[in-house]
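Examining the three-dimensional arrangement
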Amino acid sequence: MNRREFLKGASLGVGAGALGAMGLYSYTPMRRAFLPEIDRKMTDFGVCKSVKVTNISETSWFDNGIFMKNVTGAGGLLVDQYTFNWAPFGNGKGIGKGTYEEGISHIKPYIKKGDLHGAWQIAREKSVDADNAGGFSCLVEIEDLEGKVTKYLFDCGWNYDWMEESFKREGIDQMLANGEIAGFIQTHEHMDHYWAFPVVTKYAPNIPIYTPSTFYPQGKQYIKDSGHVGPWTEVKKGLHEIQPGVALYMFECPIIFKVFGEISLYCNVKDVGLVSITGCCHQGIILFADTAYKELKYEKDKFYGLYGGLHISPFDDWDPKYDDLVIGLKKWELERVGCNHCTGLITAQKFVDAGYPVVKGTARFRSKTTNYLGNGDIITFPA
């Protein structure tokens, strides 16, 4: 079975639910007998010349044990993240008893002054295990056919102090202050990808931002409370082109901690193929691949590269059914893969063991493995 047949097969997995999508049967020729022909829209969104991603921080949190203790203590994965009493929205009342309104009231005066270290110190006093917070963020640079490079900041992390340090390490603070970054893309509302937003607005309050249209009232209010005064595009379900060869795609999907909706980035690289960039890929690998196949036109009709999280086992709680997803990735015939924290340590190792073209990192700045594209590391498409 070739890659195209596999991607056609993916649509049944989405319709039948996650269990069917994860089964080995999903990757066998038998299922093709039950599949209708897929009407591909083949939307032409242009081409770009190259894509470069700099990992600012992939370390969403530093200790899985502490993180899962917090999750269990607050009531589990289906509890509203704003009630966990995680920093920066701690109110001093203990695990599972937080509110956004109380938490922000303690730190908002510091945010207004640009004193994010002071804000985080207050948050540490009133929150649960604040020092375990890290964050995910990367810089995406798109080169167009004329050689012009456009920069986008992709997510902003969680811990104010950690993200300030990480931004300064990679020169992001100066890029923001100098107006070198054309836009900020917020993939979803999760704390480790979003709650350090004041670090962005400290340097560029006018920066154009893109968020899912499905943000909760607290998430939308946080944009204002963080001091943002620039253009704000709430991306609705489906495709949203931002420049030739580059498009956001907003997936309406329920996510843990009562978050809803996630944006991913598709880039069509001339003479190479499709490059996909994700924050976590909560929508699932099958839906992610199937959507691109059904919706987009891209060079050579080929999936070339992937960077980001695949959210197969971010908590390293491996289940044998996940092996089927690792097996299924072979059908994409990817040529460059960069993993981040949201993929999971075990998953990344299984990718390496399976012979996938994983671009190794350097395990610097508290990244845990060279199997991740770690903090400060770079991946380019094409190589």
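No experiment lies behind these values; they were computed from the predicted model shown. Per chain, residue numbering runs from 1 following the sequence as it is written. Side-chain atom pairs in this predicted model are given and counted only at pLDDT of 80 or more, local residue features only at pLDDT of at least 70, and totals for whole chains, interfaces and linings cover all residues. Derived side-chain values reflect all non-hydrogen atoms in the structure, with water molecules and hydrogen atoms excluded from consideration.

1. Things to note about empty space enclosed by the protein
Grid spacing is 1 Å over the protein atoms alone, the probe is 1.4 Å, and a cavity is where that probe fits but cannot get out, while a pocket is an open set with protein on both sides within 12 Å along at least five of seven lines and lining residues have an atom within 4 Å of a point. Grid points are joined across faces, edges and corners, and a volume is the space filled by probe spheres set on the points. In total, this model carries two cavities of 30 Å³ or more according to the counting rule given. The volume enclosed by the second largest cavity comes to roughly 50 Å³. Lining the second largest cavity are Leu-306, Leu-310, Leu-329, Leu-334, Val-337, Phe-351 and Tyr-356. Its residues placed into classes, the lining of the second largest cavity shows seven nonpolar, no polar and no charged. Polar here means any residue other than Ala, Val, Leu, Ile, Met, Phe, Trp, Tyr, Cys and Pro, which are nonpolar, and Asp, Glu, Lys and Arg, which are charged; Gly is therefore polar.

2. Focus: helix H3 (residues 64-74)
Those residues of H3 that fall on the buried side of the exposure criterion are Asn-64, Phe-67, Asn-70, Val-71 and Ala-74. Within H3, the buried residues cover an arc of 125 degrees as seen down the axis, which keeps them to one side. Exposed residues pointing more than 90 degrees away from the buried face of H3 are listed as Lys-69 and Thr-72. We call two residues in contact when some of their heavy atoms are within 4.5 Å. Only DSSP runs of H or I with at least four residues qualify as helices, and only runs of E with at least two residues qualify as strands; both kinds are numbered from the N terminus onward. Its buried side turned inward, H3 meets helix H8 (191-194). Where H3 ends, the next residue or the one after it, Gly-75, has phi of about 120 degrees, a positive value. Under the scheme applied here, a residue whose accessible area is under 20% of the maximum for its type counts as buried, over 50% as exposed, and between as partly exposed, the area being computed with a 1.4 Å probe on protein chains only. This arc is built from the directions going out from the helix axis to the C-beta atoms.

3. Here we look at the sheet that holds strand S10 (residues 259-269)
Taken in spatial order, the six strands make up an open sheet running S8-S9-S10-S11-S13-S14, and their pairing is mixed. The open sheet has two edge strands with one neighbour each: strand S8 (238-243) and strand S14 (336-339). When the angles between neighbouring strand axes are averaged without regard to direction, this sheet yields 25 degrees. Across five bridges, S10 lies against strand S11 (residues 273-277) in antiparallel orientation. Among the inter-strand pairings, Leu-265 is bridged to a residue of S11, identified as Ile-277. Across the sheet, helix H11 (residues 285-295) touches strand S9 (246-255), S10, S11 and strand S13 (303-308), and the angle it forms with S9 is around 140 degrees. A pair of strands is labelled paired if DSSP reports no fewer than 2 bridges between them. Only the stretch in contact is used when a helix axis is fitted, and all axes are lines through C-alpha atoms; the angle between N-to-C directions ranges over 0 to 180 degrees.

4. Here we look at the confidence of the model for the chain
One rule of thumb: low pLDDT means the predicted coordinates there are not for detailed reading. Per-residue confidence for the chain averages 88 on the pLDDT scale, and 89% of its residues sit at or above 70. The predictor's confidence in any single residue is recorded as pLDDT, a number from 0 to 100. Scored below 50 in pLDDT, residues 1-35 makes 61 contacts in the model with residues more than four places away or belonging to other chains.

5. Let's talk about the packing of helix H5 (residues 116-126) against helix H6 (residues 160-170)
At a minimum axis separation of 8 Å, H5 and H6 run at an interaxial angle of 150 degrees. Considered as vectors, H5 and H6 are oriented roughly antiparallel to each other. In this structure, H5 contributes Leu-116, His-117, Ala-119, Trp-120 and Gln-121 to the contact, and H6 contributes Tyr-160, Asp-161 and Glu-164. Looking at the contact of H5 with H6, its residues break down into four nonpolar, two polar and two charged. Comment on the angle field: the value is read as roughly parallel under 35 degrees, roughly antiparallel over 145, roughly perpendicular from 65 to 115, and oblique elsewhere.

6. Some remarks on unusual backbone geometry
With an omega of 10 degrees, the peptide bond between Ala-87 and Pro-88 qualifies as cis. One can find Pro-88 in the loop between H3 and helix H4 (100-113). The peptide bond linking Phe-381 to Pro-382 adopts the cis configuration, its omega dihedral lying at 0 degrees. By the element assignment, Pro-382 lies in the segment after strand S15 (378-381). Even without being glycine, Asp-129 reaches a positive phi, approximately 50 degrees. Along the chain, Asp-129 falls in the loop between H5 and strand S3 (137-143). Even without glycine at this site, Asp-271 takes up a positive phi of about 65 degrees. Mapping Asp-271 onto the fold places it in the loop between S10 and S11.

7. Concerning the packing of aromatic side chains
Working definition: rings of Phe, Tyr and Trp (its six-membered ring) pair if their centres are within 6.5 Å, and the pair is stacked with planes under 30 degrees apart, edge-to-face with planes over 60 apart, and tilted otherwise. This model, assessed by the stated rule, comprises 28 aromatic pairs. Relative to Trp-195, the ring of Phe-89 has its centre 4.8 Å away and its plane inclined at 70 degrees; by these criteria the two rings are edge-to-face. Taken together, the residues Phe-89 in the loop between H3 and H4 and Trp-195 in the loop between H8 and helix H9 (197-203) connect sequence positions 106 residues apart. When the ring of Tyr-304 is compared with that of Phe-381, the centres are 6.5 Å apart and the planes differ by 80 degrees; the resulting orientation is edge-to-face. Linking Tyr-304 in strand S13 with Phe-381 in strand S15, this pair joins segments that are 77 residues apart in sequence.

8. As for the pairing of S9
Counting buried residues in S9 gives eight out of 10 residues, a clear majority hidden from the surface. Turn length for the S8-S9 hairpin, with the two strands adjacent in sequence and antiparallel, is two residues, and the turn residue Gly-245 shows positive phi of about 85 degrees. In this structure, S9 lies alongside S10, joined through eight bridges in antiparallel fashion. Opposite Pro-254, over in S10, you have Phe-260 as the bridge partner. Linking two consecutive strands that pair antiparallel, namely S9 and S10, is a turn of three residues; a positive phi of about 65 degrees is found at Phe-257 within it.

9. Focus: the layout of surface pockets
When its volume is computed, the second largest pocket comes out at roughly 160 Å³. Residue lining of the second largest pocket: Lys-237, Tyr-249, Met-250, Phe-251, Glu-252, Leu-287, Asp-290, Thr-291, Lys-294 and Glu-295, and that is the complete set. In terms of residues, the lining of the second largest pocket owes the most to one element, H11, which gives five residues. Residue composition of the lining of the second largest pocket, by class: four nonpolar, one polar and five charged.

10. Some points on the pairing of strand S4 (residues 149-154)
With respect to burial, S4 is a largely interior element, five of its six residues being buried. Summarising the sheet, S3 and S4 pair through six bridges and their orientation is antiparallel. Bridged to Glu-141 within S4 is Lys-151. Hairpin remark: S3 followed by S4, antiparallel, with five residues in the connecting loop; positive phi at Gly-147, about 95 degrees. Of the pairings in the sheet, the one linking S4 to strand S5 (residues 181-185) comprises four bridges and is parallel in character.

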